[in-house]
Amino acid sequence: MRLRATIAAAATVGLAIAAYLTVVHYAHSSPICTSGGCEKVQHSSYAKVAGVPVALLGLFAYAAIIGSTAWRGVEGALAGCVLALSGAGFSAYLLWAQIARIHALCIWCVGSDLVMACLVVLCAARLLRDLG
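Not measured: the values here are computed from a predicted model.

1. Concerning the nonpolar core
Formed by 24 residues in total, the largest nonpolar core has its most connected members in Ile7, Val41, Tyr62, Ile65 and Leu119. Taken together, the elements giving at least two residues each to this core come down to helix H1 (2-26), helix H2 (38-42), helix H3 (54-69), helix H4 (73-102) and helix H5 (107-131). The element that contributes the greatest number of residues to this core is H5, accounting for 7 residues. Sequence-distant contacts of Leu119, defined by excluding residues within four places in its chain, comprise Ile7, Ala10, Ala11, Tyr62, Ile65 and Ala84.

Spelled out as structure tokens, the structure:
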């Protein structure tokens, strides 16, 4: 139970980041930023997929990971792992884009990347526990 609660808490942090960036996007405002690159990243071509803001996709992903914690057993653990691994893969791609293509870093995005990486570890631990 504690592991599922920890996963839900971490995903809630990611959800808050994604929610903030989604609000910033739809409000057509600039995110609070200490790195100086947030606005450049948010207005880049990498900030949307098929017209959908990646922050909104993150919002749905974090919500789905939170939902997977309510699902007991191996199935819930596996669902959480698949979601977290997919999110981490997409986050890695977006981090590459920030570094190699946009030449700017968004601290909010990097924070989300770190949360997603933690979720991969936590979800994998849950899956291994539930398999054993």
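2. Description of the environment of His28
Residue position: His28 is located in the loop between H1 and H2. When the C-alpha atoms of His28 and Ala5 are compared, they prove to be 34 Å apart, with 23 residues separating the residues in sequence.

3. Topic: H5
Compared with an ideal rise of 1.5 Å per residue, which puts 25 residues at 36 Å, H5 spans 36 Å between its outermost C-alpha atoms and is within 8% of the ideal. As for H5, its buried residues are in contact with H1, H2, H3 and H4.

4. Some remarks on the packing of H4 against H5
Where H4 contacts H5, the two axes come as close as 8 Å, and the packing angle between them is 155°. Regarding the angle of H4 to H5, the classification is roughly antiparallel. Crossing hand, H4 versus H5: left-handed. Taken together, the residues of the contact of H4 with H5 break down into 17 nonpolar, 6 polar and 3 charged.

Cut-offs and rules
Throughout, a residue's number is its position along its own chain's written sequence, starting from 1. With pLDDT at 70 or above as the cut-off, local features in this predicted model cover only qualifying residues; side-chain atom pairs require 80 or more to be listed or tallied, and sums for whole chains, interfaces and linings still use all residues. For side-chain calculations, the full set of non-hydrogen atoms in the structure is used, while hydrogens and water are omitted. In this text, buried Ala, Val, Leu, Ile, Met, Phe, Trp, Tyr and Cys residues form a nonpolar core when linked through side-chain atoms within 4.5 Å. Each residue is assigned to one of three classes by its accessible area relative to the maximum for its type, calculated with a 1.4 Å probe on protein chains only: buried under 20%, partly exposed between the two thresholds, exposed over 50%. Only DSSP runs of H or I covering at least 4 residues are called helices, and only runs of E covering at least 2 are called strands; the numbering of each starts at the N terminus. Here, residues are in contact when the closest pair of their heavy atoms is within 4.5 Å. Between the first and last residue of a helix there are one fewer steps than residues, each counted as 1.5 Å, and that sum is the expected span. To obtain an axis, a line is fitted to C-alpha atoms, over the contacting stretch when the element is a helix, and the angle between two such axes runs from 0 to 180 degrees between their N-to-C directions. In these notes the angle categories are as follows: under 35 degrees is roughly parallel, over 145 is roughly antiparallel, 65 to 115 is roughly perpendicular, and the rest is oblique. In this scheme the handedness of a crossing depends on how the near helix is turned from the far one: anticlockwise by less than a right angle means left-handed, clockwise means right-handed. Each residue gets one of three labels, nonpolar for Ala, Val, Leu, Ile, Met, Phe, Trp, Tyr, Cys and Pro, charged for Asp, Glu, Lys and Arg, and polar for the others, Gly among them.

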